[in-house]
Each structure stands twice: as C-alpha cells, then as structure tokens.
Amino acid sequence: MSETGRHEDVPEETLPGERETAHEGAVTTAENPFADPGLPPHEHRAQDIDDRAARRSERTVALLFVVSMIATVAFIASYVAIPIERNVYIWPLGHISALNFALGLTLGAALFCIGAGAVHWARTLMSDEEVADERHPIEAAPEVKAKVMADFAQGAKESQVGRRKLIRNTMFGALALVPLSGVVLLRDLGPLPGNKLRTTNWKKGVRLVNQSTNLPLRPEDIAVGSLTFAKPEGLEEDDEEFAEKIAKDALMLVRIQPQNIKDKHELSWSHEGIVAYSKICTHVGCPISLYEQQTHHVLCPCHQSTFDLSDGGRVIFGPAGHALPQLHITEKDGFLEAASGFEEPVGPSFWERG
Ligand code: FES
C-alpha cells in the first residue's frame, strides 16, 4: 500500500473515483478515490422505445402462462388417465413409471412456465431504471406510509399490470390452476380401507402351512417349547400381494401342556395344547419373534411389548394396547386347519376398531 492508501497493483482506471461517469450526481474528483461513482446512464431497451417489441414481449409472456395452464390440465389428465402400473422406456432413464414421468414433466413445465413468464415480464416490460433511495428511520411515519403507498401505486403502474390485461389475466389463470395439482393429489388419501383392516385370509377349513418349509402342518410337527410360524394354505411368496397379505395373516404356534393354559376360552380354541396367535404385534405391527418357553411369553423386538400365550395372549408388559388375537384351530385328516377366521382385527389399533 502507498501512503495515500491506494494499492499499487490496481490499475488506476478501475478505481471508483477515477472512473468516467455520465451520471449527474456522480462525484468525479480525482482527489477522493472513495467517492460515489453514481449510477451508469440508463439505456433504454427495445421494448421501452418500440411498441411492437413491447407487444411481442407481452405475447411471449402470455404464451408462457398459457403453456403453464395447459401443463396443469395435462397434469390432472395424466393423474386420472394413466394406470399406475404402466411403465415406459425413457432414454437415458430406462424403464420408469409412466405416471410418475408424466406428473413430473407436466408439473415441472407448469411451474417453469410461470417462473419464465414472470422473469421475461420483469426483464422486458417492467421498468428497469435504477434508483437510489436514502436510508431513513424504521418508524413508519404517516408521510412514510403515504410514500410507500405512492411507490406501490407507481410500481403497479410501471409493471403495467393494469394496462397489460392479457398478461394479467393469463397470469391469474396460471396461478389459479397450479394449486389444483396439489388438490388432485389428495385423492391418494383414499379410497377408504373398508373392511380390509378387519379381515384376513383365514377362514374355516384353511390349512396351516409351515412358513419355512411350505408344507401343511400336522399336530406332531409342533413340539413343546418351539415357536412355529404359519401362513394360510394358498398364499405363495410369488403372489403379487404376498407382503400385504402376510402382514395380516402371519401366525405363530406353540404347544403348551393343556393344564398350563390358564384361559378357558383359549383352551377351547386350541388343539392338543397347540395354540395359534397372530404374529403381528398389537402396538404398531412389528412381527413378534422371541419366545420364552418356560413362561410362554412372547416378546416384540420393537418396543418390548410382552404377551402371555398361556393366558389369552394378554399384554403383561409394554406399550401394546390389547391382547394378541387368537385363531381357533382344529385338526382334519391329520392336518391343522382353521376352525374359523379371526374374530377381531389383527395388528395395531385403529380409530374405529372398537
Ligand atoms: S410394535 Fe411391538 S411393541 Fe411396538
């Protein structure tokens, strides 16, 4: 740095105080290198001086807003018309969901066109003159409020909202239609589950199949002290809805000495001491997997709810709200089968469970 505070490496012509200015308020004193250089002279755009250019810009902006409206309508039409399971090949993405692709494309186009229209409007038609404003106290004095209102009116006038009715109307149309995209997505909240939460694939006569071996279970397959998992006969892993169905149908079987079964109702629904309970925790639906054979307690690994399988599946510890549902089982032709379906909904509580 020199004695005057000027950096030796900076070319003199780039220093603010020495730059040529065409602005009336600019300070051009070579003595003060920190002087306000002022604003550069305003250059009029083609749209400022040529009415045809302004109308061209107006039509471009309106076109973008109209494209946005069309894209929003296309978004809604795609949502209604394209099946969720349809896939399309899109290079370079490969095979993707046609519905997701169409929704993304149309919503993206709708939002992009609103943004592009607003930017083009601001860059070509709204006033682009730079103005300097002095700092003033934060307190909003009456005259300040009056000035704000006047500035607002002036801004509205300069933005030509009132005069350019085509832009204004198409912009309102585009902005009014875009939220519809969100409204139609509310449809995904439905349909209501109906009685789906209350029913499973268990019903009278359905055999119990070992979930590991895929073979129908016989009473002699269930040893004292073991925990066996079962599914209804006919439910195969390559079934498209297997995951959804097994989340309700999963069953666990234990054999308890009949004299150790405390609950009389449970005893009457068992077969030779074999009891079958839903494997789905009644707290928030984790699969139960830990069995303590001495106490006949099963433990849910998620939040440690503990159920007593010798006492009607009663909750003895943890956050679960109600006992595990029991399946009434019997034996026919040497195989275990359901004597009826579950008499209450399996899994976590829900609002109208009762
Ligand atoms: S899901 Fe079983 S205790 Fe929470």
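Residues numbered from 1 in each chain as written. Predicted model: local features only at pLDDT ≥ 70, side-chain atom pairs only at ≥ 80, totals over all residues. Heavy atoms only, no water.

Focus on helix α6 (residues 242-249)
Along α6, the positions that sit buried rather than exposed are F242, I246 and D249. Down the axis of α6, the smallest arc covering the buried residues is 70°, so these residues share one side. Every exposed residue of α6 that faces more than 90 degrees away from the buried side is listed here: A243 and E244. Packed against the buried residues of α6 are β4 (228-232) and β5 (251-255). (Buried < 20%, exposed > 50% of the residue type's maximum accessible area, 1.4 Å probe, protein only. Helix = DSSP H or I, 4+ residues; strand = E, 2+ residues; numbered from the N terminus. Arc of directions from axis to C-beta. Contact = heavy atoms within 4.5 Å.)

What about the sheet that holds strand β11 (residues 326-327)?
Adjacent strands of a sheet form backbone hydrogen bonds with each other and so pair up, either parallel or antiparallel. Across the sheet, five strands lie side by side as β3-β4-β5-β6-β11; this open sheet has antiparallel pairing. At either end of the open sheet lies a strand with only one pairing partner, and these are β3 (208-210) and β11. Across three bridges, the pairing between β4 and β5 is antiparallel. Note on β5: the bridge partner recorded for T228 is L253. (Pairing = 2+ DSSP bridges.)

What about the packing of aromatic side chains?
Summed over the entire model, instances satisfying the criterion amount to zero aromatic pairs. The aromatic ring of F229 is capped on one face by K279, whose charged end is 3.9 Å from the ring centroid. (Phe/Tyr/Trp six-rings, centres within 6.5 Å; stacked < 30°, edge-to-face > 60°. Lys NZ or Arg CZ within 6 Å of the ring centre and 35° of its normal.)

Re helix α2 (residues 51-81)
For α2, spanning 31 residues, the distance from its first C-alpha to its last is 44 Å, which sits close to the expected 45 Å at 1.5 Å a residue. With a side-chain oxygen lying 2.9 Å from the backbone nitrogen of R52, the N-terminal cap of α2 falls on D50. (Expected span 1.5 Å × (residues − 1). Polar contact = N/O pair within 3.5 Å; in protein donor to acceptor, adjacent residues only side chain to side chain.)

A look at the packing of helix α3 (residues 98-124) against helix α5 (residues 165-185)
Taken N-terminus to C-terminus, the directions of α3 and α5 make an angle of 150°; their axes are 11 Å apart at the nearest point. With respect to α5, the axis of α3 lies roughly antiparallel. The way α3 lies across α5 gives a crossing that is left-handed. Every residue of α5 that contacts α3 at L107, A110, L111, I114 and W121 is listed here: I167, M171, A174, L175, V178 and S181. (Axes fitted to C-alpha atoms, helices over the stretch in contact; angles between N-to-C directions. Parallel < 35°, antiparallel > 145°, perpendicular 65-115°, else oblique. Left-handed = near helix turned anticlockwise from the far one by under 90°.)

A short note on a negative patch on the surface
A cluster of acidic residues, E220, D221, E272, E331 and D333, forms a negative patch on the protein surface. For D333, the position within the fold is in the loop between β12 (329-332) and β13 (335-338). You can call D333 exposed: its relative accessible area is 63%. (Patch = residues over 30% accessible without salt bridge, like charges linked within 9 Å, V, L, I, M, F, W, Y side chains within 5 Å. Areas by Shrake-Rupley, 256 points an atom, 1.4 Å probe, with all protein chains shown as cover. Salt bridge = Lys/Arg side-chain N within 4 Å of Asp/Glu carboxyl O. Lys, Arg positive; Asp, Glu negative; His and termini not counted. Charge placed at Lys NZ, Arg CZ, Asp CG, Glu CD.)

With respect to the pattern of salt bridges
Per the stated rule, a full pass over the model turns up nine salt bridges. We note a salt bridge from K245 to D239, for which the minimum N-O separation is 3.4 Å. By relative accessible area, D239 is classed as partly exposed at 25%. A network of salt bridges, in which partner residues are shared, links R45, D48 and D128.

What about unusual backbone geometry?
Of the consecutive residues W91 and P92, the connecting peptide bond is found in the cis state with omega at 0°. The residue P92 is located in the loop between β1 (87-90) and β2 (94-97) in this model. Not every positive phi belongs to a glycine, and N214 is a case in point at roughly 65°. Counting through the fold element by element, N214 comes out in the loop between β3 and β4. The backbone phi angle of E272 is positive, close to 50°, even though this residue is not glycine. Here E272 falls in the partly exposed class, since its relative accessible area comes to 47%.

Thoughts on the layout of surface pockets
Roughly 320 Å³ of internal volume is contained in the largest pocket. Forming the walls of the largest pocket are K196, L197, T200, N201, E241, E244, K245, K248 and D249. When its residues are assigned to classes, the lining of the largest pocket shows one nonpolar, two polar and six charged. Computed from the structure, the second largest pocket encloses a volume of approximately 280 Å³. Lining the second largest pocket are 17 residues, and of these R45, Q47, D48, L125 and Q160 lie nearest its centre. Those elements that provide at least two residues to the lining of the second largest pocket are α1 (46-49) and α2. Tallied by class, the residues present in the lining of the second largest pocket amount to two nonpolar, six polar and nine charged. (1 Å grid on protein atoms, 1.4 Å probe; cavity = no way out; pocket = protein on both sides within 12 Å on 5 of 7 lines; lining within 4 Å. Points joined across faces, edges and corners; volume = space filled by probe spheres on them. Nonpolar A, V, L, I, M, F, W, Y, C, P; charged D, E, K, R; others polar.)

Some thoughts on the sheet that holds strand β8 (residues 297-299)
Pairing within the open sheet is antiparallel, and its four strands lie in the order β7-β8-β9-β10. This sheet does not close on itself; its edge strands, each paired only once, are β7 (290-292) and β10 (314-317). Between one strand axis and the next, the sheet turns by 30° as a mean value, whatever way the strands run. With three bridges connecting them, β8 and strand β9 (residues 306-308) associate as antiparallel partners. By the bridge assignment for β9, H297 is matched with D308.

Focus on the confidence of the model for the chain
Residue-level pLDDT values for the chain average 87, and 91% of them are 70 or greater. Segment residues 1-25 is flagged for pLDDT under 50; beyond a separation of four residues in sequence, or across chains, it makes 23 contacts in the model. (pLDDT = per-residue confidence, 0-100.)

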